[in-house]
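What the coordinates show
Now for the letters of each chain:
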Amino acid sequence: VQLQASGGGLVQAGGSLRLSCAVSGRTFSSYVLGWFRQAPGKEREFVAAINRSGGNTYYADSVKGRFTMSRDNAKNTAYLQMSNLKPEDTAVYYCAADRSLILSEFRTGHSYDHWGQGTLVTVSQ
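Let us look at the structure shown here. Chains are numbered independently. Their residues run from 1 in the order of the written sequence. Local features in a predicted model are, by the rule used here, given only for residues with pLDDT of at least 70; side-chain atom pairs are given and counted only at 80 or more, and totals for whole chains, interfaces and linings are based on all residues. Side-chain calculation: all heavy atoms of the structure are included, whereas hydrogens and water are not.

1. As for the pattern of salt bridges
By salt bridge we mean one thing: a side-chain nitrogen of Lys or Arg within 4 Å of a carboxyl oxygen of Asp or Glu. Using the criterion set out here, one finds four salt bridges in the structure. In this structure, D61 and K64 form a salt bridge, with 3.2 Å as the shortest nitrogen-oxygen distance. For R66, the salt bridge is made with D89, and the minimal N-O distance between the two is 2.7 Å. Remark: D89 occurs in the loop between strand 8 (77-82) and strand 9 (91-98) and R66 occurs in the loop between strand 6 (57-59) and strand 7 (67-72); sequence separation between them is 23 residues. Overlapping salt bridges bring together R37, E45, R66 and D89 as one network. Segments assigned H or I by DSSP are reported as helices when at least four residues long, segments assigned E as strands when at least two residues long, and all are numbered from the N terminus.

Next comes the structure, spelled out in C-alpha cells:
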C-alpha cells in the first residue's frame, strides 16, 4: 500500500488547513489510519487516529478541539482538518496506515507499517 500526503503550506496563526492522505489499494477500509508530526529537532509525535469504519477518532491533547480527523472509504482518503493553528503546530505531518492495530496501539508510531512522505505545515506568528 502507498500513502500520499498533501495539503501542507504556510498559514498565519489562527488560520486553518486541511491535509489529505490518499491511500492506494482496494482494502482501504481495513486500515487504521493515523497522523503524526515531527517538528525540527523534536521526536515524532502522535496527532490523531481513526478506526476502520471512521466511527471513532483519537487525538493528542495538544490538538484536541482544534483538529478533526476523518476518512472517506469510498475515496480511499483520510483528512486532517486543522483549525486555530498555532506556531507550535509547525512540523512535517505524516499519515500512516496499518491493518492489524488494536486500540492500544493507535497512538504509537512504530506500530504502523505504512507511511506517507510527509507534508510541511508552517504556522507563522
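Next comes the rest of the write-up.
2. Concerning the side chain of R71
With respect to the secondary-structure elements, R71 resides in strand 7. Within the buried core, R71 has no salt-bridge partner, and the shortest N-O distance to an opposite charge, that of D72, equals 8.3 Å. Here Y31 takes part through its backbone oxygen, which lies 2.7 Å from a polar atom of the side chain of R71. Side chain to side chain, R71 and N73 meet in a polar contact 2.7 Å long. Only protein chains enter the calculation, and the probe is 1.4 Å; a residue is then buried if its accessible area is under 20% of its type maximum, exposed if over 50%, and partly exposed in between. By the counting rule applied here, Lys and Arg register as positive and Asp and Glu as negative, while His and the ends of each chain are not counted. N or O atoms within 3.5 Å of each other form a polar contact, as long as, within protein, one can give a hydrogen and the other can take it, and as long as residues adjacent in sequence are counted only when both atoms are side-chain atoms.

3. Here's the deal with the pairing of strand 1 (residues 3-6)
What you see with strand 1 is a clean split: L3 and A5 sit on the buried side and Q4 and S6 on the side with no burial. Strand pairing is defined by DSSP finding a minimum of two bridges between the two strands. Taken together, the four bridges between strand 1 and strand 3 (residues 17-23) define a ladder with antiparallel strand orientation. The residue bridging Q4 from the neighbouring strand is A22, located in strand 3.

4. What to know about the state of the cysteines
Our working definition of a disulfide is a cysteine sulfur pair at a distance within 2.5 Å. Here the structure, examined in full by the defined rule, presents one disulfide. In this model, C21 is linked to C95 through a disulfide, with the two sulfur atoms separated by 2.2 Å. Between C21 and C95 the disulfide shows an S-S torsion of about 70°. By sign, it is right-handed. Of this pair, C21 sits in strand 3 while C95 sits in strand 9, and the two are 74 residues apart along the sequence. Of the two residues, C21 and C95, neither departs from the other in class, the shared state being buried.

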